[in-house]
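Structural overview for review
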Amino acid sequence: MNWLNITKIKTAISMTLALLAYFNAEIAWANSQAHNDSSPANILIKVEKSTADTSEKWVVTYTLTTPAKTLAFVRNPDTSRTTRWFAQDNDIEIIFDDTKHQELVRSKSGKPLSTVSFFLTPTYKHLGKDYAPFSPFSDGGNAFHSGRLFACANTCTEEDNKWHLTLNVPSDEHILLNGKVMKSSVSWTDNNDGRVVYVGKQQPIITDDVVALIDPGLPESIKASLEEDIPNMMAFFSHSLNPLKGEKPMLFASYANVDDHSTQGGTLPNQIFMHWNRQDLNEQAKNSSFVNQTLWFFAHEVAHLYQPGSTEGVSENEDQSWLHEGNADYFAAIAMNFLYEDANSYVESRMTRAFESCTEGLAQTTLARAYKNGHFNLYYSCGMIMHRAIDSVVQQKTLGEESLFTVWKRLQKAVNNGMPPGTATFLTLLEPYNAPELIKAINNATSDHAFKAIQGIETLYQLPG
Ligand SMILES: [Zn+2]
């Protein structure tokens, strides 16, 4: 893209103060590493959507080739299957096993399970650390997360990572799977975190950059932004990092238009999705801070698509989420500054707020434990300050020849060449810049001592000084 001139990127960000609200939730694939893809296919998962009268019915059926005592799920973020999944057979129930912290399907009379079916509740349900099972569109369409359905006989192990799914839909609707529109019935194999699949009547918008399903009920300004800003952001990251390989990414933007205040965004390999579960978007779309917040949200999600090793993950585990979340937020800041001149003060205020909320948070928990302690936001705020410092130092040490983008391109290469994802590999890539102060501050920021951690972030905030 000729119009992109990378030297225009402004990374020096000064501070003003403003309060801003984070989106309720945002999730990315990067927390998961690829498992072995070697599981025996002993369970078939069939999903069926039907429409009777005006209501939609979703049924999931598990067929086990070898009967089992229980059925366990791969993903257990909460207990909501026990209240939102309804067994078709009275003898079958879903219970929450407190000791294992997971939901289990079992027979009340103790019969072995061979075929079990459940009616699903196809409304939006916020899951704290997982993808929403359903993201309804305002015109009756719906997108579901296949990973929610992954289940194993008796217990799931690391080796269970191959899922055979079949989806059947009514004749007047279609399926959007992997960027392709299909009718009536489709079967596919999933692994890792699964994917989002659309069922409904809306035809996707297919452009050079993306296959998009944008809710027709969204306010015009948000629809226009999704159609124009996301391709611009993709062009920006494609130029700054590496162009995406393989199939066109898919974008899902759904609007349930219901009485709630939830918004969720996320990414899976080659997929970005955003869901608004609220009813005030027409009003909000006129508010400039909401508009900036939405653009930031888009930029953050688009940045994830371009992070390295999209299927293998960037960070080794949840504790290292500052790496992919902080980076996505900092890249969002750079993209915002580059693409929207009048967003500069918004970006500045957001940076200040990140520093403040990071230091406040580190007084309560460490970065490594933030995940377990419900302070996931620290990965965004502290992580953004950390990446901003790395960018400044790299630019200073190389007299502007290199930047954080260079480091991330190298990370991409390293991970593709078999280096493990995670902070150890990332920090190795910083060594050639001969910036011991930077490395020390990063180590402090991620340490278990609150005082050291805060001091580390303060140093990083001031770097290169
Ligand atoms: Zn993210």
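Formed by 86 residues in total, the largest nonpolar core has its most connected members in Trp276, Phe426 and Leu460. Top element by residues in this core is helix α5 (residues 322-339). It accounts for 11 residues. Leave out the neighbours within four places in its chain, and Leu460 touches Ile385, Met386, Ala389, Leu438, Ala441, Ile442 and Ala445. By size, the runner-up hydrophobic cluster in this structure holds 35 residues, among which are Phe118, Trp163, Leu165 and Leu167.

What follows deals with the packing of aromatic side chains. By the definition in use, this model includes 24 aromatic pairs. Ring geometry for Phe150 against Trp163: centres 4.9 Å apart, planes inclined by 15 degrees, an arrangement best described as stacked. On the criterion of sequence distance, the pair formed by Phe150 in the loop between β10 (142-145) and β11 (151-153) and Trp163 in strand β12 (residues 163-168) is long-range, its members being 13 residues apart. Taken individually, Phe150 and Trp163 each receive the classification buried, so the pair is uniform in this respect. Grouped by ring-pair contacts, the aromatic residues Phe236, Phe237, Tyr306, Trp322, Phe331, Phe338, Phe405, Trp408 and Phe426 constitute a single cluster. For Arg81, the ring lying beneath its charged end belongs to Phe73, and the centroid distance is 3.9 Å.

What follows deals with the packing of helix α6 (residues 344-362) against helix α7 (residues 377-397). With their axes 8 Å apart at the nearest point, α6 and α7 run at an angle of 115 degrees to one another. The handedness of the crossing between α6 and α7 is left-handed. Residues Arg350, Met351, Ala354, Phe355, Ser357, Cys358, Gly361 and Leu362 of α6 touch α7, and the partners they reach there are Leu378, Ser381, Cys382, Met384, Ile385 and Arg388. Tallied by class, residues from the contact of α6 with α7 come to 9 nonpolar, 3 polar and 2 charged.

Moving on: the pairing of strand β6 (residues 92-97). Here 6 bridges tie β6 to strand β7 (residues 102-107), and the two strands are oriented antiparallel to one another. Paired with Phe96 across the two strands is Glu103, which belongs to β7. Here β6 hands over to β7 after 4 residues, with His101 in that stretch at a positive phi of 55 degrees.

Another aspect to go through is the sheet that holds strand β15 (residues 185-190). A sheet is described by the order of its strands in space; here 6 strands give the open sequence β5-β8-β3-β2-β12-β15, paired in mixed fashion. Looking along the sheet, the strands with just one partner apiece sit at the ends: β5 (85-87) and β15. Direction aside, the axes of adjacent strands within the sheet are offset by 25 degrees on average. In this structure, β12 lies alongside β15, joined through 6 bridges in antiparallel fashion. Opposite Asn168, over in β15, you have Ser185 as the bridge partner.

Residue pairs three or four apart in sequence face the same way in an α-helix, which turns once every 3.6 residues. When the terminal C-alpha atoms of helix α8 (residues 404-416) are compared, their 18 Å separation across 13 residues agrees well with the 18 Å that a helix rising 1.5 Å per residue should span. Where α8 is concerned, the buried positions are Leu404, Phe405, Thr406, Val407, Trp408, Leu411, Gln412, Ala414 and Val415. Elements that come into contact with the buried residues of α8 comprise α2 (220-240), α4 (288-306), α5, α7 and α9 (423-430). Where α8 begins, one side-chain oxygen reaches toward the backbone nitrogen of Phe405, 3.1 Å away; that side chain belongs to Ser403. One or two steps after α8, the chain reaches Gly418, where phi turns positive at roughly 100 degrees.

This part covers unusual backbone geometry. The backbone of Asn154 sits at a positive phi, close to 65 degrees, despite the residue not being glycine. Within the secondary structure, Asn154 is located in the loop between β11 and β12. In this structure, Leu399 is a non-glycine residue whose phi angle is positive, near 50 degrees. Here Leu399 shows up in the loop between α7 and α8. Overall, the relative accessible area of 79% leaves Leu399 in the exposed class.

Right, let's talk about the state of the cysteines for a bit. Inspection of the entire model under this criterion finds 2 disulfides. Through a disulfide, Cys152 is tied to Cys156; the S-S separation comes to 2.0 Å. Since a negative S-S torsion denotes a left-handed disulfide, the Cys152-Cys156 link at about 105 degrees is right-handed. Given a relative accessible area of 23%, Cys156 falls into the partly exposed group. Through a disulfide, Cys358 is tied to Cys382; the S-S separation comes to 2.1 Å. Residues Cys358 and Cys382 are joined by a disulfide whose S-S torsion is about 110 degrees; by sign, that bridge is right-handed. Of the two residues, Cys358 sits in helix α6 while Cys382 sits in helix α7, which places them 24 residues apart along the sequence. The pair Cys358 / Cys382 is uniform in exposure class, with both members buried. When the cysteines engaged in disulfides are numbered in sequence order, the protein chain pairs them as 1-2, 3-4.

Thresholds, definitions, all that
- Residues numbered from 1 in each chain as written.
- Predicted model: local features only at pLDDT ≥ 70, side-chain atom pairs only at ≥ 80, totals over all residues.
- Heavy atoms only, no water.
- Core = buried A, V, L, I, M, F, W, Y, C linked by side-chain atoms within 4.5 Å.
- Buried < 20%, exposed > 50% of the residue type's maximum accessible area, 1.4 Å probe, protein only.
- Helix = DSSP H or I, 4+ residues; strand = E, 2+ residues; numbered from the N terminus.
- Contact = heavy atoms within 4.5 Å.
- Phe/Tyr/Trp six-rings, centres within 6.5 Å; stacked < 30°, edge-to-face > 60°.
- Lys NZ or Arg CZ within 6 Å of the ring centre and 35° of its normal.
- Axes fitted to C-alpha atoms, helices over the stretch in contact; angles between N-to-C directions.
- Left-handed = near helix turned anticlockwise from the far one by under 90°.
- Nonpolar A, V, L, I, M, F, W, Y, C, P; charged D, E, K, R; others polar.
- Pairing = 2+ DSSP bridges.
- Expected span 1.5 Å × (residues − 1).
- Polar contact = N/O pair within 3.5 Å; in protein donor to acceptor, adjacent residues only side chain to side chain.
- Disulfide = S-S within 2.5 Å.

Worth remembering: the numbers are spatial, not functional.
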